[in-house]
Amino acid sequence: MNLTKITNRLIKDLEKFVFAPPVSHVYNPLVYARRPYDQYVKTYGRPPVEIVLVGMNPGPWGMAQTGIPFGEVSVVKQWMGIDAPVGKPTREHPKRPITGFACTRSEVSGRRLWGWAQATFGTPEAFFARFFVINYCPLLFIEAEGRNRTPDKLPVAERTPLLVACDRALRETLDFLSPQFAIGVGAFAARRVQAVAGRMDITIGQITHPSPANPRANRGWATFIKEEFRQMGISI
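Please read all numbers here as calculations on a predicted model, not as lab measurements.

S.K.: Before we go on, may I ask you to explain the layout of surface pockets in this structure?
M.R.: Using a probe with the size of a water molecule, rolled over the atoms, empty space left in the structure can be pinpointed. In this structure, the largest pocket occupies an estimated 640 Å³ of space. Within the residue set of the lining of the largest pocket, elements represented by two or more residues are α6 (108-121), β4 (140-143) and α9 (187-197). Ranked by residue count, the leading element in the lining of the largest pocket is α9, at 4 residues. Split into classes, the residues belonging to the lining of the largest pocket amount to 14 nonpolar, 11 polar and 5 charged. Around the second largest pocket, the lining comprises 17 residues; the ones closest to its centre are Val26, Tyr27, Asn28, Thr90 and Leu139. Of all the secondary structure elements, the ones that give two or more residues to the lining of the second largest pocket are α1 (3-15), β1 (23-27) and α2 (29-32). Take the lining of the second largest pocket: its biggest share by element is 5 residues, from β1. Classifying every residue of the lining of the second largest pocket by side-chain character gives 11 nonpolar, 4 polar and 2 charged.

Rendered as structure tokens:
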């Protein structure tokens, strides 16, 4: 099963879920930003890869705008060479507007991750020859006041079926990409990688999340992950 079929089934699985307050809006960029996402998969998602990096879920100024995991607009457009029309979610929160590649806000996590990739590897072709980046859950959860709600903060009754669907998609993605390493970006993603890939012939790891909400990341994220990769036996 290729990434397009995996995505189609995940979208179908997620359509049936309902999320109660405090979540008031749910965005799925795999639906309204599918065209740039398909460009990303077609151009860079070719097996086998050495390392799959797994994020948690979209940020409001990254993947929510571009459809690309950690998808800082400027990097996606200028470095990856991806630019395609982006639609709108079914219900849009006034504090989290979707303007696609016209978005002028910066996704700090994405700026750090893709900025590191660009500085380290130079070209996207060199980076993606070894890496592919995905998000575990494609949904962005927004509370009434506009605050993000991460998947781990959902009630058990809502979270459990969500994890089942996303676990299956992650397992199928790893089967397709055949990586040597599956690495969670942050603790939540690392737990899901462990749950899914624990019995697969894949080395599992974790790197520090680049979010500005993570104090460690604000003290030199690129330096930390270089050492974390080294400890996993990955030479960058």
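So that's the structure; there's more coming.
S.K.: How should I be thinking about the sheet that holds strand β2 (residues 51-55) in this particular structure?
M.R.: Backbone hydrogen bonds are what pair the strands of a sheet, in a parallel or an antiparallel way. Reading across from one edge, β3-β2-β5-β6 is the order of the 4 strands in this open sheet, with parallel pairing throughout. Of all the strands in the sheet, just β3 (131-135) and β6 (203-207) have a single pairing partner and so form its edges. Averaged over all neighbouring strand pairs, the angle between strand axes comes to 25°, with direction disregarded. Looking at chain direction, β2 and β3 are connected through 5 bridges and run parallel. Bridging from a neighbouring strand, Ile51 pairs with Phe131 of β3.

S.K.: What is the right way to look at unusual backbone geometry in this model?
M.R.: Most peptide bonds are trans, and most residues other than glycine sit at a negative phi. Of note, the bond from Pro21 into Pro22 is cis; its omega dihedral lies within 30 degrees of zero at 15°. With respect to the secondary-structure elements, Pro22 resides in the loop between α1 and β1. With an omega of -10°, the peptide bond running from Pro47 to Pro48 counts as cis. For Pro48, the position within the fold is in the loop between α3 (34-44) and β2. Residue Phe70 is not a glycine yet carries a positive backbone phi of 55°. Examined against the element boundaries, Phe70 turns out to sit in the loop between α4 (63-66) and α5 (73-78). For Ser178, which is not a glycine, the phi torsion comes out positive at approximately 50°. Relative to the assigned elements, Ser178 resides in the loop between α8 (156-177) and β5 (181-185).

S.K.: Help me understand the packing of aromatic side chains in this model?
M.R.: Two aromatic rings, taken as a pair, are described by how far apart their centres are and by the angle between their planes. Scanning all chains against the criterion turns up 22 aromatic pairs. On the basis of an interplanar angle of 80° and a centroid distance of 5.8 Å, the ring pair of Tyr40 and Phe128 is categorised as edge-to-face. Taken together, the residues Tyr40 in helix α3 and Phe128 in helix α7 (residues 124-128) connect sequence positions 88 residues apart. In terms of burial, Tyr40 and Phe128 fall into one category: buried. For the pair Trp114 and Phe128, a centre-to-centre distance of 5.8 Å together with 40° between the ring planes defines the contact as tilted. Residue Trp114 is located in helix α6, and its partner Phe128 is located in helix α7; the two are separated by 14 residues in the primary sequence. Since its relative accessible area comes to 0%, Trp114 is described here as buried. Within the aromatic cluster, the residues linked to one another by ring pairs are Tyr40, Tyr44, Trp79, Trp114, Trp116, Phe121, Phe127, Phe128, Phe131, Phe132, Trp221 and Phe229. When the ring centre of Phe224 is taken as origin, the NZ or CZ atom of Arg216, which lies over that ring, is 3.7 Å away.

Reading the values: rules and limits
- Residues numbered from 1 in each chain as written.
- Predicted model: local features only at pLDDT ≥ 70, side-chain atom pairs only at ≥ 80, totals over all residues.
- Heavy atoms only, no water.
- 1 Å grid on protein atoms, 1.4 Å probe; cavity = no way out; pocket = protein on both sides within 12 Å on 5 of 7 lines; lining within 4 Å.
- Points joined across faces, edges and corners; volume = space filled by probe spheres on them.
- Helix = DSSP H or I, 4+ residues; strand = E, 2+ residues; numbered from the N terminus.
- Nonpolar A, V, L, I, M, F, W, Y, C, P; charged D, E, K, R; others polar.
- Pairing = 2+ DSSP bridges.
- Axes fitted to C-alpha atoms, helices over the stretch in contact; angles between N-to-C directions.
- Phe/Tyr/Trp six-rings, centres within 6.5 Å; stacked < 30°, edge-to-face > 60°.
- Buried < 20%, exposed > 50% of the residue type's maximum accessible area, 1.4 Å probe, protein only.
- Lys NZ or Arg CZ within 6 Å of the ring centre and 35° of its normal.

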